[in-house]
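So you can see what is in the structure, the chains are spelled out below.
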Amino acid sequence: MNSDFMREAIRISTEKMRVNQGGPFGAVIVRDGTVVGRGWNQVTTSNDPTAHAEVVAIRDACKNLKTFKLDECEIYTSCEPCPMCLAAIYWSRLKGGYYANTRKDAADIGFDDDFLYTQIGLPLGERTLVLEQCLHDEALKTFLEWKTKLDKTPY
C-alpha cells in the first residue's frame, strides 16, 4: 500500500466535494507506481447513477491505457466500494486495491448500500426489483453465434 496514492484519492474526494462536483468519493488507478486513471463521484453533475468514483477512475484508466483489462493495476479509493463498483473492479480485472472509509462510515452520512448487498443475496423472485425473462430463444441465437465466432476479442 502506498499512502501517497490513497492521499490522492482522498484529496480528489475532498476537492470535488467542496466545489459541488459530486459526493465525497475519490479514486485513482495505479500501474507500476504511476497514476493512470482518476475519478470522483459525478452522479449528480452528470445525471449518471453509475458515475461513482471507482467506475469513473476505471473508465479513465482504460481510456488512457487503451485497454479494457487493468490486470496490472491497483485501485485506491476513499471509501469501500459499493456492490456496483466492486463488480466493476472485478470486471476490469484489477489485481487488488485499498480503501479508506468503510461502508458503515458511508451509511453514517447517508450513503447506505446495505439494501443492495441484501438484495443481491436474495433469489430473483424475492428481490424488490421485478425482472422477467422474455424472448430467450431469440437472444440465445446471438450467444450461440458468439460462441463459434472466430474473429472475436475475448474478455
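What comes next is a walk through the structure. (Residues numbered from 1 in each chain as written. Predicted model: local features only at pLDDT ≥ 70, side-chain atom pairs only at ≥ 80, totals over all residues. Heavy atoms only, no water.)

Focus: the overall build of the protein
Rules: Helix and strand definitions here come from DSSP, where helices need a minimum of 4 consecutive H or I residues and strands a minimum of 2 consecutive E residues; each element is numbered from the N-terminal end. For every residue, the accessible area obtained with a 1.4 Å probe (protein chains only) is divided by the maximum for its type, and the residue is called buried under 20%, exposed over 50%, and partly exposed between those limits. Contact between two residues is taken to exist if any of their heavy atoms lie within 4.5 Å; hydrogens are not considered. Accessible areas in this description were obtained via Shrake-Rupley with a 1.4 Å probe; residue shielding takes into account the shown protein chains only.
In terms of regular secondary structure, the protein is built from 7 helices and 4 strands. Reading the protein from its N end, one meets helices and strands in the order α-β-β-α-α-β-α-β-α-α-α. Considered along the principal axes of its C-alpha atoms, the protein spans approximately 50 × 40 × 25 Å. Within the protein, the fraction of its 155 residues that count as buried is 30%. A fraction of 48% describes how many contacts in the protein between residues 6 or more apart in sequence connect residues 24 or more apart. With an accessible surface of roughly 10400 Å², the protein has 55% of that area assigned to carbon and sulfur atoms.

Some points on helix α3 (residues 53–65)
The test is simple: Given a helix with a known number of residues, its expected span is that number minus one, times 1.5 Å.
Its 13 residues give α3 an end-to-end C-alpha distance of 18 Å, which sits within 8% of 18 Å, the value for a rise of 1.5 Å per residue. Along α3, the residues that are buried comprise A53, E54, V55, V56, A57, I58, A61 and C62. Buried residues in α3 make contact with β1 (26–31), β2 (34–40), β3 (73–79) and α4 (83–91).

With respect to unusual backbone geometry
If a residue is not glycine, its phi is most likely negative; likewise, a peptide bond is most likely trans. A positive phi angle, close to 55°, is found at K66, a residue other than glycine. Its place among the elements puts K66 in the loop between α3 and β3. Using a relative accessible area of 73% as the deciding quantity, one classes K66 as exposed. Of note, the phi angle at R93 is positive, near 65°, even though the residue is not glycine.

Considerations on the environment of W91
Within the secondary structure layout, W91 lies in helix α4. Distance from W91 to D71, taken between C-alpha atoms, is 10.0 Å for residues 20 residues apart in sequence.

Details of the pairing of β2
A regular strand places its side chains so that they alternate between the two faces of the sheet. Stated precisely, the cut-off is as follows: Should DSSP find at least two bridges between two strands, the strands are regarded as paired.
Direction of pairing for β1 relative to β2: antiparallel, over a ladder of 6 bridges. Following the sheet pairing, A27 is matched in β2 by G39. Adjacent in sequence and paired antiparallel, β1 and β2 are bridged by 2 residues, among which D32 carries a positive phi angle near 50°.

Re the pairing of strand β4 (residues 96–101)
Selection criterion: Classification remark: right-handed applies to a crossover when, strands pointing away from the viewer, the course from the first strand over the helix to the second runs clockwise.
Sheet topology note: the β3/β4 ladder contains 5 bridges and is parallel. The residue bridging I75 from the neighbouring strand is G97, located in β4. Crossover handedness for the path β3 to α4 to β4: right-handed.

With respect to the pattern of salt bridges
Keep this limit in mind: In the sections that follow, a salt bridge refers to a side-chain nitrogen of Lys or Arg positioned within 4 Å of a carboxyl oxygen of Asp or Glu.
Under the definition given, this model contains 9 salt bridges. Residues R38 and E8 are paired through a salt bridge, measuring 3.2 Å at the closest nitrogen-oxygen approach. With a gap of 30 residues between them, R38 in strand β2 and E8 in helix α1 (residues 3–18) connect regions that are remote in the sequence. The partner of E15 in a salt bridge is K16, and the shortest N-O contact between them spans 3.6 Å. It is possible to trace a salt-bridge network through shared partners that takes in E8, R11, E15, K16 and R38.

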